[in-house]
Amino acid sequence: MEKKAVDFWQARKDFLAHLHYTKGYSQGTCYGYNSDLGIWGRWLEEADKDWRQATHVDTEQFVAWQMRERGTKAHIVARRSSCLGSFYKWAMKNALVESDPIYLADKPKRPYRIPIWLEKEEQLAFQEAVRRVDDLPENIFGRPREHIKAIRRRYDFLFGLILNSGLRISEALAVKIRDVRIVNGVAKSVRVIGKGNRERLVPLPEAFGQVFGAWLQGRGGDDFVFAKAPGEKPPGPHAVRTYLRRLIERAGIDKPVTPHKLRHTYATRLLEAGAELVDIQVLLGHVDLSTTQIYTHVSEERMAGVVAKL
(Lines give C-alpha, C1' and ligand atoms only; values in the text may rest on other atoms or scores of the structure.)
Protein backbone atom coordinates (compact mmCIF):
# COMPACT_ATOMS: atom_id res chain seq x y z
CA MET A 1 0.00 0.00 0.00
CA GLU A 2 1.44 3.36 -1.03
CA LYS A 3 2.10 5.81 1.77
CA LYS A 4 0.14 9.05 1.85
CA ALA A 5 2.51 11.94 1.13
CA VAL A 6 1.71 14.07 4.17
CA ASP A 7 3.83 17.02 5.27
CA PHE A 8 5.25 16.64 8.80
CA TRP A 9 3.60 19.81 10.09
CA GLN A 10 0.21 18.69 8.80
CA ALA A 11 0.77 15.26 10.36
CA ARG A 12 1.60 16.96 13.67
CA LYS A 13 -1.62 18.96 13.45
CA ASP A 14 -3.68 15.81 12.72
CA PHE A 15 -1.98 13.91 15.55
CA LEU A 16 -2.72 16.67 18.08
CA ALA A 17 -6.36 16.72 16.96
CA HIS A 18 -6.44 12.96 17.54
CA LEU A 19 -5.02 13.38 21.05
CA HIS A 20 -7.41 16.18 21.99
CA TYR A 21 -10.69 15.07 20.39
CA THR A 22 -10.35 11.28 20.30
CA LYS A 23 -8.13 10.51 23.30
CA GLY A 24 -9.45 13.36 25.45
CA TYR A 25 -6.03 14.83 26.27
CA SER A 26 -6.08 18.28 27.88
CA GLN A 27 -4.97 21.42 26.05
CA GLY A 28 -1.93 21.67 28.32
CA THR A 29 -0.81 18.15 27.43
CA CYS A 30 -1.35 18.82 23.74
CA TYR A 31 0.72 22.01 23.97
CA GLY A 32 3.55 19.90 25.38
CA TYR A 33 3.31 17.40 22.52
CA ASN A 34 3.14 20.28 20.04
CA SER A 35 6.36 21.77 21.41
CA ASP A 36 8.27 18.47 21.54
CA LEU A 37 7.26 17.52 18.00
CA GLY A 38 8.20 21.00 16.79
CA ILE A 39 11.77 20.53 18.05
CA TRP A 40 11.98 17.21 16.16
CA GLY A 41 10.54 18.75 12.99
CA ARG A 42 12.95 21.69 12.98
CA TRP A 43 15.90 19.37 13.66
CA LEU A 44 14.90 17.22 10.69
CA GLU A 45 14.65 20.27 8.45
CA GLU A 46 18.10 21.54 9.45
CA ALA A 47 19.53 18.05 8.88
CA ASP A 48 17.65 17.83 5.54
CA LYS A 49 15.92 14.60 6.54
CA ASP A 50 12.45 13.32 5.60
CA TRP A 51 10.37 12.51 8.68
CA ARG A 52 8.83 9.52 6.88
CA GLN A 53 12.25 8.00 6.18
CA ALA A 54 13.76 8.62 9.65
CA THR A 55 15.61 5.67 11.25
CA HIS A 56 16.67 4.74 14.77
CA VAL A 57 20.09 6.21 13.95
CA ASP A 58 18.42 9.58 13.32
CA THR A 59 16.64 9.31 16.66
CA GLU A 60 19.92 8.60 18.46
CA GLN A 61 21.56 11.57 16.72
CA PHE A 62 18.61 13.75 17.79
CA VAL A 63 19.01 12.56 21.38
CA ALA A 64 22.77 13.26 21.32
CA TRP A 65 22.21 16.72 19.79
CA GLN A 66 19.82 17.69 22.58
CA MET A 67 22.07 16.50 25.39
CA ARG A 68 25.43 17.66 24.01
CA GLU A 69 24.61 20.76 21.99
CA ARG A 70 21.67 22.10 24.00
CA GLY A 71 22.44 20.66 27.43
CA THR A 72 18.92 19.25 27.77
CA LYS A 73 18.39 17.14 30.88
CA ALA A 74 17.91 13.38 30.50
CA HIS A 75 14.33 13.31 31.82
CA ILE A 76 13.25 15.94 29.25
CA VAL A 77 14.94 14.05 26.41
CA ALA A 78 13.25 10.85 27.62
CA ARG A 79 9.88 12.62 27.62
CA ARG A 80 10.41 13.90 24.08
CA SER A 81 11.41 10.41 22.92
CA SER A 82 8.20 9.06 24.44
CA CYS A 83 6.24 11.76 22.62
CA LEU A 84 7.89 10.82 19.32
CA GLY A 85 7.14 7.17 20.00
CA SER A 86 3.42 7.93 20.39
CA PHE A 87 3.47 10.07 17.26
CA TYR A 88 5.12 7.42 15.07
CA LYS A 89 2.85 4.65 16.36
CA TRP A 90 -0.10 6.79 15.31
CA ALA A 91 1.58 7.55 11.96
CA MET A 92 2.13 3.83 11.28
CA LYS A 93 -1.45 3.04 12.20
CA ASN A 94 -2.59 5.64 9.68
CA ALA A 95 -0.20 4.39 6.96
CA LEU A 96 1.81 7.61 6.92
CA VAL A 97 5.11 5.81 7.58
CA GLU A 98 6.32 2.22 7.19
CA SER A 99 8.53 1.99 10.29
CA ASP A 100 8.95 3.43 13.76
CA PRO A 101 12.38 5.13 14.18
CA ILE A 102 11.91 5.42 17.94
CA TYR A 103 11.33 1.82 19.02
CA LEU A 104 14.84 0.43 18.38
CA ALA A 105 16.76 3.59 19.26
CA ASP A 106 18.91 3.85 22.39
CA LYS A 107 17.22 6.46 24.53
CA PRO A 108 18.14 7.99 27.89
CA LYS A 109 16.31 6.42 30.81
CA ARG A 110 14.19 8.60 33.01
CA PRO A 111 16.12 9.25 36.23
CA TYR A 112 14.41 7.93 39.34
CA ARG A 113 13.12 10.88 41.33
CA ILE A 114 11.56 10.74 44.78
CA PRO A 115 8.60 13.13 44.91
CA ILE A 116 8.73 16.20 47.13
CA TRP A 117 6.06 16.60 49.80
CA LEU A 118 5.47 18.65 52.93
CA GLU A 119 6.22 17.07 56.28
CA LYS A 120 3.43 17.45 58.83
CA GLU A 121 5.18 20.35 60.56
CA GLU A 122 5.78 22.06 57.23
CA GLN A 123 2.17 21.54 56.23
CA LEU A 124 1.02 23.21 59.45
CA ALA A 125 3.44 26.10 58.93
CA PHE A 126 2.20 26.54 55.36
CA GLN A 127 -1.46 26.54 56.41
CA GLU A 128 -0.71 29.11 59.12
CA ALA A 129 1.03 31.32 56.54
CA VAL A 130 -1.98 31.10 54.23
CA ARG A 131 -4.42 32.07 56.99
CA ARG A 132 -2.28 34.85 58.43
CA VAL A 133 -3.63 38.15 57.14
CA ASP A 134 -1.59 40.61 59.20
CA ASP A 135 1.02 40.65 56.43
CA LEU A 136 -1.48 41.89 53.83
CA PRO A 137 -1.16 45.52 52.63
CA GLU A 138 -3.89 48.08 53.27
CA ASN A 139 -4.42 48.39 49.53
CA ILE A 140 -2.76 47.44 46.28
CA PHE A 141 -3.53 48.89 42.85
CA GLY A 142 -6.41 50.77 44.47
CA ARG A 143 -8.02 47.62 45.86
CA PRO A 144 -9.07 47.75 49.53
CA ARG A 145 -7.72 45.37 52.14
CA GLU A 146 -11.00 43.43 52.31
CA HIS A 147 -10.68 42.56 48.63
CA ILE A 148 -7.10 41.36 49.17
CA LYS A 149 -8.25 39.28 52.15
CA ALA A 150 -10.94 37.68 49.97
CA ILE A 151 -8.25 36.68 47.44
CA ARG A 152 -6.12 35.18 50.21
CA ARG A 153 -9.15 33.22 51.48
CA ARG A 154 -9.84 31.89 48.00
CA TYR A 155 -6.28 30.59 47.78
CA ASP A 156 -6.61 29.16 51.29
CA PHE A 157 -9.48 26.98 50.09
CA LEU A 158 -7.82 26.16 46.77
CA PHE A 159 -4.67 24.86 48.44
CA GLY A 160 -6.80 23.28 51.17
CA LEU A 161 -8.81 21.38 48.57
CA ILE A 162 -5.65 19.99 46.94
CA LEU A 163 -4.23 18.98 50.33
CA ASN A 164 -7.51 17.25 51.24
CA SER A 165 -8.32 15.62 47.90
CA GLY A 166 -5.09 15.32 45.89
CA LEU A 167 -6.58 17.04 42.84
CA ARG A 168 -4.30 18.20 40.07
CA ILE A 169 -4.20 22.00 39.80
CA SER A 170 -6.04 21.88 36.45
CA GLU A 171 -8.74 19.69 38.02
CA ALA A 172 -9.16 21.92 41.07
CA LEU A 173 -9.48 25.10 39.01
CA ALA A 174 -12.07 23.43 36.75
CA VAL A 175 -14.38 22.44 39.64
CA LYS A 176 -17.77 24.16 39.62
CA ILE A 177 -20.18 24.56 42.54
CA ARG A 178 -22.44 21.85 41.12
CA ASP A 179 -19.51 19.39 41.21
CA VAL A 180 -19.35 19.59 45.01
CA ARG A 181 -21.82 17.34 46.85
CA ILE A 182 -23.06 19.24 49.90
CA VAL A 183 -25.20 17.59 52.60
CA ASN A 184 -26.56 19.71 55.45
CA GLY A 185 -24.02 22.41 54.68
CA VAL A 186 -21.06 20.01 54.67
CA ALA A 187 -19.07 19.35 51.46
CA LYS A 188 -18.90 15.56 51.23
CA SER A 189 -17.16 14.94 47.89
CA VAL A 190 -15.98 16.50 44.64
CA ARG A 191 -16.73 15.19 41.15
CA VAL A 192 -13.68 15.56 38.93
CA ILE A 193 -13.06 15.15 35.20
CA GLY A 194 -9.41 14.15 35.03
CA LYS A 195 -6.90 13.14 32.39
CA GLY A 196 -8.34 11.34 29.38
CA ASN A 197 -11.78 12.78 30.24
CA ARG A 198 -12.10 10.20 33.03
CA GLU A 199 -14.51 11.01 35.85
CA ARG A 200 -13.93 10.22 39.50
CA LEU A 201 -15.58 11.09 42.81
CA VAL A 202 -13.20 12.15 45.58
CA PRO A 203 -14.49 12.17 49.20
CA LEU A 204 -13.50 15.03 51.49
CA PRO A 205 -12.47 14.82 55.16
CA GLU A 206 -15.24 15.93 57.54
CA ALA A 207 -13.33 18.85 59.11
CA PHE A 208 -12.40 20.38 55.76
CA GLY A 209 -15.86 19.60 54.34
CA GLN A 210 -17.53 21.68 57.04
CA VAL A 211 -15.58 24.90 56.38
CA PHE A 212 -15.52 24.34 52.61
CA GLY A 213 -19.27 23.78 52.48
CA ALA A 214 -19.92 26.93 54.56
CA TRP A 215 -17.72 28.96 52.20
CA LEU A 216 -19.71 27.75 49.17
CA GLN A 217 -23.15 28.57 50.60
CA GLY A 218 -25.34 30.80 48.44
CA ARG A 219 -23.27 30.53 45.28
CA GLY A 220 -24.61 29.59 41.84
CA GLY A 221 -24.10 26.02 40.63
CA ASP A 222 -22.64 27.04 37.27
CA ASP A 223 -19.94 29.22 38.82
CA PHE A 224 -16.38 27.98 39.15
CA VAL A 225 -15.58 27.32 42.80
CA PHE A 226 -12.43 29.47 42.59
CA ALA A 227 -13.78 32.12 40.22
CA LYS A 228 -12.19 35.54 40.67
CA ALA A 229 -15.74 36.97 40.79
CA PRO A 230 -19.27 35.54 40.23
CA GLY A 231 -19.62 34.47 36.61
CA GLU A 232 -15.90 34.86 35.91
CA LYS A 233 -13.14 32.32 35.36
CA PRO A 234 -10.68 31.15 38.02
CA PRO A 235 -7.05 32.33 38.05
CA GLY A 236 -4.67 30.52 35.71
CA PRO A 237 -2.20 27.83 36.88
CA HIS A 238 0.75 30.20 36.49
CA ALA A 239 -0.83 32.79 38.84
CA VAL A 240 -1.57 30.02 41.34
CA ARG A 241 2.02 28.75 41.29
CA THR A 242 3.35 32.28 41.78
CA TYR A 243 1.04 32.90 44.76
CA LEU A 244 1.95 29.54 46.28
CA ARG A 245 5.67 30.25 45.94
CA ARG A 246 5.27 33.51 47.92
CA LEU A 247 3.34 31.74 50.67
CA ILE A 248 5.92 28.96 50.90
CA GLU A 249 8.66 31.58 51.35
CA ARG A 250 6.65 33.31 54.09
CA ALA A 251 6.18 29.97 55.83
CA GLY A 252 9.98 29.58 55.92
CA ILE A 253 9.92 26.34 53.94
CA ASP A 254 13.07 25.72 51.91
CA LYS A 255 11.60 23.43 49.24
CA PRO A 256 10.53 23.97 45.62
CA VAL A 257 6.83 23.45 46.43
CA THR A 258 4.30 23.55 43.58
CA PRO A 259 0.59 22.65 43.50
CA HIS A 260 1.65 19.18 42.36
CA LYS A 261 3.81 18.82 45.46
CA LEU A 262 0.68 19.48 47.55
CA ARG A 263 -0.86 16.54 45.68
CA HIS A 264 2.18 14.46 46.69
CA THR A 265 1.63 15.61 50.26
CA TYR A 266 -1.96 14.33 50.17
CA ALA A 267 -0.80 10.95 48.86
CA THR A 268 1.90 10.75 51.54
CA ARG A 269 -0.62 11.50 54.31
CA LEU A 270 -2.87 8.73 52.94
CA LEU A 271 0.02 6.27 52.99
CA GLU A 272 0.95 7.27 56.53
CA ALA A 273 -2.69 6.69 57.54
CA GLY A 274 -2.50 3.11 56.26
CA ALA A 275 -4.25 3.48 52.89
CA GLU A 276 -3.63 0.75 50.30
CA LEU A 277 -1.92 1.68 47.04
CA VAL A 278 -5.00 0.70 45.02
CA ASP A 279 -7.07 3.17 47.07
CA ILE A 280 -4.53 5.94 46.52
CA GLN A 281 -4.50 5.09 42.81
CA VAL A 282 -8.27 5.62 42.57
CA LEU A 283 -8.26 8.81 44.62
CA LEU A 284 -5.43 10.37 42.58
CA GLY A 285 -6.90 9.25 39.25
CA HIS A 286 -3.85 7.24 38.16
CA VAL A 287 -4.53 4.88 35.27
CA ASP A 288 -1.53 2.69 35.99
CA LEU A 289 -0.73 1.42 39.48
CA SER A 290 2.98 1.73 38.69
CA THR A 291 2.53 5.52 38.78
CA THR A 292 1.24 5.23 42.35
CA GLN A 293 3.95 2.80 43.44
CA ILE A 294 6.48 5.61 43.78
CA TYR A 295 4.85 6.30 47.16
CA THR A 296 5.93 2.85 48.30
CA HIS A 297 9.51 3.96 47.69
CA VAL A 298 8.79 7.12 49.67
CA SER A 299 7.67 4.99 52.60
CA GLU A 300 10.74 2.76 52.31
CA GLU A 301 13.05 5.78 52.28
CA ARG A 302 11.37 7.21 55.38
CA MET A 303 11.52 3.90 57.25
CA ALA A 304 15.19 3.47 56.34
CA GLY A 305 15.84 6.90 57.83
CA VAL A 306 14.03 5.93 61.03
CA VAL A 307 15.96 2.67 61.36
CA ALA A 308 19.26 4.47 60.70
CA LYS A 309 18.73 6.44 63.92
CA LEU A 310 18.63 3.28 66.07
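Here's what I pulled together on the structure shown here. These numbers come from a predicted model, not from an experiment.

This part takes up helix H2 (residues 27-46). Its 20 residues place the ends of H2 28 Å apart at the C-alpha level, agreeing with the 28 Å of an ideal helix rising 1.5 Å per residue. If you check which residues of H2 are buried, you get Cys30, Tyr33, Asp36, Leu37, Gly38, Ile39, Trp40, Gly41, Trp43 and Leu44. Contacts from the buried residues of H2 go to helix H1 (8-22), helix H3 (56-69) and helix H4 (74-93). Downstream of H2 by one or two residues, Asp48 has phi in the positive range, about 55 degrees.

Turning our eyes to something else, we now look at the packing of helix H5 (residues 120-131) against helix H10 (residues 259-272). It is the contact of H5 with H10, at a shortest axis distance of 11 Å, that shows an interaxial angle of 135 degrees. With respect to H10, the axis of H5 lies oblique. Classified by chirality, the crossing of H10 by H5 is left-handed. Contact residues: H5 offers Lys120, Gln123 and Phe126, while H10 offers Leu262, Thr265, Arg269 and Glu272.

Moving on to the pairing of strand E5 (residues 199-203). Covered by surrounding structure in E5 are Arg200 and Val202 only, the residues Glu199, Leu201 and Pro203 on the alternate face being uncovered. Where strand E4 (residues 186-193) meets E5, five bridges bridge the pair, whose relative direction is antiparallel. Among the inter-strand pairings, Val192 is bridged to a residue of E5, identified as Arg200. Taking the residues between adjacent antiparallel strands as the criterion, E4 and E5 are bridged by five residues, where Gly196 takes a positive phi near 70 degrees.

With that out of the way, let us pick up the side chain of Arg12. Tracing the chain through its elements places Arg12 in helix H1. Buried charge Arg12 goes without a salt bridge, the closest partner of opposite sign being Asp7 at 8.4 Å. Leaving out residues up to four positions away in the same chain, Arg12 has contacts with Asn34, Leu37, Gly38 and Phe87.

All told, the structure shown has one cavity of 30 Å³ or more when counted by the stated rule. If you trace the largest cavity, you find it lined by Phe126, Gln127, Val130, Arg131, Tyr155, Asp156, Phe159, Gly160 and Leu163. Those elements giving two or more residues to the lining of the largest cavity turn out to be H5 and helix H6 (145-165). No other element matches the five residues that H6 contributes to the lining of the largest cavity.

What counts, and where the lines are drawn
Along each chain, residue indices are assigned from 1 in the same order as the chain's sequence is written. With the structure being a predicted model, the display of local features is reserved for residues of pLDDT at least 70 and the display and counting of side-chain atom pairs for 80 or more, all residues being used for whole-chain, interface and lining totals. Hydrogens are left out, water is left out, and the side-chain values use all remaining heavy atoms of the structure. Where helices and strands are cited, they refer to DSSP runs of H or I of at least four residues and of E of at least two residues respectively, numbered from the N terminus. A helix is expected to reach a length of 1.5 Å times the quantity of its residues less one. Think of it in three bands: residues with accessible area under 20% of the maximum for their type are buried, residues over 50% are exposed, and the middle band is partly exposed, with areas taken using a 1.4 Å probe on protein chains only. In this description, contact between two residues means that some pair of their heavy atoms is separated by no more than 4.5 Å. Only the stretch in contact is used when fitting a helix axis, every axis being a line fitted to C-alpha atoms; angles between N-to-C directions are given from 0 to 180 degrees. Each angle gets one of four labels, with under 35 degrees taken as roughly parallel, over 145 as roughly antiparallel, 65 to 115 as roughly perpendicular, and the rest as oblique. Crossing handedness: left-handed means the near helix sits turned counterclockwise from the far one by under a right angle, and right-handed means the same turn made clockwise. At least two bridges found by DSSP between two strands is the condition for calling them paired. When charges are tallied, Lys and Arg are placed among the positive residues and Asp and Glu among the negative ones, while His and the ends of the chain are skipped. Definition used for salt bridges: Asp or Glu carboxyl oxygen within 4 Å of a side-chain nitrogen of Lys or Arg. Cavity and pocket criteria rest on a 1 Å grid covering protein atoms alone: a 1.4 Å probe that fits but cannot get out defines a cavity, protein on both sides within 12 Å along at least 5 of 7 lines defines an open pocket, and an atom within 4 Å of a point defines a lining residue. Grid points are joined across faces, edges and corners, and a volume is the space filled by probe spheres set on the points.

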